[in-house]
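Fold and geometry: a report
One letter stands for each residue in the lines below.
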Amino acid sequence: MGEEIKSAAEGAGLAAPHADYGAKDIQILEGLEAVRKRPGMYVGDQGTRGLHHLVYEVVDNSIDEALAGFCDRIDVVMHGDGSVSVRDNGRGIPTEYHEGAGRPAAEVVMTVLHAGGKFDKGAYQVSGGLHGVGVSVVNALSRWCELSIKRGGSEYTQRYERGVPVTDLERVGDSGEQGTYVRFMPDDEIFSTMEYSADILKGRLRELAFLNPGVTVTFDDRRPESGEQMKTYHYEGGIRSFVEYLNRGKETSFKPPVRIQGSRDSTTVEVAMQYNDSYVERVFAFANLIHTMEGGTHVSGFRTALTRAINDEARRAKLLREKDENLTGDDLKEGLTVVISIKLLEPQFEGQTKTKLGNSDVKGIVDSIVYDGLKVALEETPEILKPIVEKAIKARQAREAARKARELVQRGSPLNKLDLPGKLADCSSRDPQASELYIVEGDSAGGSAKQGRDRMFQAILPLRGKILNVEKARLDKILSNEVVRTIVQALGCGIGDTYDPSRLRYHKIFLMADADVDGAHIRTLLLTLFYRYMPQIIENGHLFVAQPPLYRVQEGKNISYCYSDKELKEMTAGRDPKRTNIQRYKGLGEMNPDQLWETTMDPENRIILKVEVEDAILADELFGILMGDAVEPRREFIENHAREVRNLDI
Ligand code: 0RA
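Attention in this report is confined to the structure presented alongside it. (Residues numbered from 1 in each chain as written. Predicted model: local features only at pLDDT ≥ 70, side-chain atom pairs only at ≥ 80, totals over all residues. Heavy atoms only, no water.)

Let us now look at the overall build of the chain. From N to C terminus, the chain includes 20 helices and 26 strands. Residue burial in the chain is summarised as follows: out of 650 residues, 54% are buried. Sequence separation of 24 or more characterises 69% of the internal contacts of the chain that already satisfy a separation of 6 or more. Of the roughly 29,300 Å² of accessible surface on the chain, a fraction of 48% belongs to carbon and sulfur atoms. (Helix = DSSP H or I, 4+ residues; strand = E, 2+ residues; numbered from the N terminus. Buried < 20%, exposed > 50% of the residue type's maximum accessible area, 1.4 Å probe, protein only. Contact = heavy atoms within 4.5 Å. Areas by Shrake-Rupley, 256 points an atom, 1.4 Å probe, with all protein chains shown as cover.)

Next up on the list: the site of the ligand. Residues in close proximity to the ligand total eleven residues, the closest being N61, E65, D88, R91 and R151. D88 has a polar side-chain atom sitting 2.7 Å from a nitrogen atom of the ligand. Here R91 contributes a side-chain N or O atom positioned 3.4 Å from an oxygen atom of the ligand. Considered class by class, the residues forming the shell around the ligand number three nonpolar, three polar and five charged. (Near = heavy atom within 4 Å. Polar contact = N/O pair within 3.5 Å; in protein donor to acceptor, adjacent residues only side chain to side chain. Nonpolar A, V, L, I, M, F, W, Y, C, P; charged D, E, K, R; others polar.)

Spatially, β20-β19-β21-β22-β26 is the arrangement adopted by the five strands of the open sheet, whose pairing is mixed. Every other strand in the sheet has two partners, leaving β20 (458-463) and β26 (608-610) as the edge strands with one partner each. Averaged over neighbouring strand pairs, the angle between their axes works out to 25° when direction is ignored. Docked against the sheet, helix α12 (residues 443-452) engages β19 (436-441), β20 and β21 (508-512), running at close to 170° with respect to β20. (Pairing = 2+ DSSP bridges. Axes fitted to C-alpha atoms, helices over the stretch in contact; angles between N-to-C directions.)

Another aspect to go through is the pairing of strand β23 (residues 551-555). With five bridges joining them, β23 and strand β24 (residues 558-562) adopt antiparallel strand pairing. Across the sheet, Y551 pairs through a bridge with C562, a residue of β24. Hairpin connection from β23 to β24: two residues lie between these consecutive antiparallel strands, with G556 at a positive phi of about 60°. Relative to strand β25 (residues 580-584), β23 runs antiparallel, the two being bridged by five bridges. Its bridge partner being in β25, R552 is matched across the sheet by Q583.

Helical periodicity: at 3.6 residues per turn, an α-helix aligns residues three or four positions apart in one direction. For helix α15 (residues 517-533), built from 17 residues, the straight-helix expectation of 24 Å at 1.5 Å per residue is met to within 8% by its first-to-last C-alpha distance of 24 Å. Burial analysis of α15 places 14 of its 17 residues in the buried class, the great majority of the element. (Expected span 1.5 Å × (residues − 1).)

The contact between helix α9 (residues 297-316) and helix α10 (residues 361-380) brings their axes to 7 Å, and the two run at 35°. Between α9 and α10 lies a crossing whose hand is right-handed. Taken together, the residues that form the contact of α9 with α10 break down as eleven nonpolar, five polar and eight charged. (Left-handed = near helix turned anticlockwise from the far one by under 90°.)

Next up on the list: the sheet that holds β25. The strand order across the open sheet built from three strands is β24-β23-β25, with neighbouring strands paired in antiparallel fashion. The sheet is open, and its two edges are formed by β24 and β25, each paired on a single side. Across the sheet, the axes of successive neighbouring strands diverge by a mean angle of 20°, strand direction being ignored. Where helix α17 (residues 565-572) meets the sheet, it contacts β23, β24 and β25, and its direction lies at approximately 145° from that of β24.

Residues K255 and P256 are joined by a peptide bond in cis, for which omega reads -15°. Residue placement: P256 occurs in the loop between α8 (238-246) and β12 (258-264). Positive phi values are uncommon outside glycine, yet R162 reaches one of about 50°. The residue R162 is located in the loop between β6 (154-161) and β7 (164-165) in this model. Positive phi outside glycine occurs at S266, with the angle close to 60°.

Of all the six residues making up strand β14 (residues 282-287), five are buried; the element is thus mostly covered by neighbouring parts of the structure. Looking at chain direction, β14 and strand β16 (residues 336-343) are connected through six bridges and run parallel. Directly across from F286, in β16, lies its bridge partner S341. The antiparallel pairing of β14 with strand β15 (residues 290-291) creates a hairpin that spans two residues between the two strands, and N288 there sits at a positive phi of about 50°.

As a further point, take the nonpolar core. One finds V76, F184 and Y196 to be the most contacted residues of the largest nonpolar core, which totals 65 residues. The contact partners of F184, leaving out residues within four places of it in the chain, are L54, V55, V58, S83, V84, V138, S142, W144, C145 and Y196. Core analysis: the second largest hydrophobic core is formed by 49 residues, L529, F530, Y531 and V613 among them. (Core = buried A, V, L, I, M, F, W, Y, C linked by side-chain atoms within 4.5 Å.)

What follows is about the packing of helix α4 (residues 48-67) against helix α7 (residues 198-211). One way to put it is that α4 packs onto α7 with a least axis distance of 11 Å and a crossing angle of 20°. Here α7 runs roughly parallel to α4, going by the angle between their axes. In the crossing of α4 with α7, the sense of the turn from one axis to the other is right-handed. Each of H52, V55, Y56, V59, D60 and I63 in α4 lies in contact with α7, whose residues at this interface are I200, L201, R204, L205 and L208. Considered class by class, the residues forming the contact of α4 with α7 number eight nonpolar, one polar and two charged. (Parallel < 35°, antiparallel > 145°, perpendicular 65-115°, else oblique.)

Attention now goes to the packing of aromatic side chains. Counted according to the given criterion, the structure contains six aromatic pairs. Taking the centre distance of 4.5 Å and the plane angle of 5° together, the rings of F210 and F242 count as stacked. Taken as a pair, F210 in helix α7 and F242 in helix α8 lie far apart in primary sequence, 32 residues in all. Accessibility classification places F210 together with F242 in one group, the buried group. Residues Y438 and F510 carry aromatic rings whose centres are separated by 4.5 Å and whose planes lie at 10° to one another, so their mutual orientation is stacked. With Y438 in strand β19 and F510 in strand β21, this pair connects stretches of sequence that are 72 residues apart. (Phe/Tyr/Trp six-rings, centres within 6.5 Å; stacked < 30°, edge-to-face > 60°.)

If you trace the backbone, Y56 turns up in helix α4. Overall, Y56 belongs to the buried group, its relative accessible area being 16%. Between the alpha carbons of Y56 and V138 there is a distance of 9.7 Å; along the sequence they are 82 residues apart.

Evaluated as defined, the whole model comprises 39 salt bridges. With a closest N to O distance of 2.8 Å, R204 and E207 form a salt bridge. Of the two residues, R204 and E207 both sit in helix α7, three residues apart, roughly one turn of that helix. Overall, the relative accessible area of 6% leaves R204 in the buried class. With a shortest N-O distance of 2.9 Å, E270 and R259 are connected by a salt bridge. Of this pair, E270 sits in strand β13 (residues 267-275) while R259 sits in strand β12; the two residues are eleven residues apart in sequence, bridging distant segments of the chain. Each member of the salt-bridge network shares a partner with another, and the members are D330, D331, K333, R396 and R399. (Salt bridge = Lys/Arg side-chain N within 4 Å of Asp/Glu carboxyl O.)

Next comes the structure, spelled out in structure tokens:
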């Protein structure tokens, strides 16, 4: 019998457990094995997302303690060895012997899937979607994991390897404190990357601090290269501070942000909102602290309430006359920054990335709480109404103009060749899934790309002229820009709220610009256009950045290409420089069609970067900083990130 279990454990790469096997061990090993065999099912994927998810999972457990009112401090450390630790001052995972399981409760929590939920941990757990799978999943996907618990006057520790306990839970001393400390080393057999991004982690930790006012969250990056100081996040103002943070550096129509709060049927709703002087709307919605990027019923409820309340009050205050039409939800979007945080008992997460809230009763609840709350706020501070209404009326006029401009851009069916931009060298294929569009900067590069491509499935769109900074313009102006129109026409799918995915003519869209600072700038302008006005293209994984080589290295008849200075250094290390001919490409235009095909466009050889939005707030900030008005943060950002500019991944 021992043999059989051993092979199951070994099959999943598990270490041998410390004690003799029993029926309960078999169950645990099977559970851990399931996690290690299909990690994606539990943490999303085996790349960056999954790796970061491990940290979120442990932190979420600490946050659950905070929500239950037992924890007000969480310390996250990235250690020099690549491990991560999370310490909280909650109740501590129960250490008592668990009768049913025949082992200490803490060992059950660490080794049995979903065991956390079996204990009474308070009503609203951060669970659902990808979250809430339990710390046992982190344990199973870690090379090792160390647990330390302070509880009931004592301190206990236990060590696990690949999820399996290698020591018993031992009492190591007295302690007057309470809390849980988990330190884990992600397993490099599971994850394709072991590189944590401090920016991504900090983004989520800051977000959690905003969503849990009064809780102090710290982040300490002790990795040798980091050189960063410890960060402390603590906001007494909650999501109101969150909105102020999102609007920092922008002019706002009123201060402080309006805050609305209420609850019904065990669902609590909290909203903070403020208008700024930009033209974009930013909605950050959370359900049980999970960022619902795809929106959902809470967001729809908010929108109907906002529209109704503003129209009612605007009419009462005679800011809208009788003959004026009602303001629409779209009119009220321009410049709006809003954070919505709701907590509910059984969240249903839907959508492509399971980040859309589906509970149908939530819409009415949020609608009525926000409507009533807005009415009260507008009675208390009537002066905020006028700027909102005036801005919305201007937005309506601009949208009218935009509609006319858009009609020009979108007229006709995309299958009609006459409606395609003249510069587009289209591909023969009419199957969007098989078709690729290369958006290329400059005519000479466009020429090379046209000659080098496989015309069966690759279309080329050369761009010339100034690409508009969409961060600083309204939709009507954006749509009158030649470059934007050309792109929208070629894609065929519309822009803004008329975006229609079924009309997208290419499912792979490549941005191809020179590998220099100007190229990076052009690429960022294009990324901003997609991110702000066709975000679905990014969300659905259609947008890529082509990676042309920086160097061509010739040795006799042998030719190879290098995509970075580092690669060139490695390749030429210890070579006789006389026989090596190195050509640095100053731009795509210097490459002949064959070279461009071979290095950058041939699906067999090319290196491509998929544009993904890991963290919407981070991306929002990034574009705000890179494209906005404030000079100082931009200078700072470019100085801090200068080395990464070649891989501008959002
Ligand atoms: C199960 C039950 C209780 C707390 C926890 C688990 C718990 C888990 C983690 C993971 C990280 N930090 C944590 N803190 C607590 C409730 C304990 C009780 O009723 O005393």
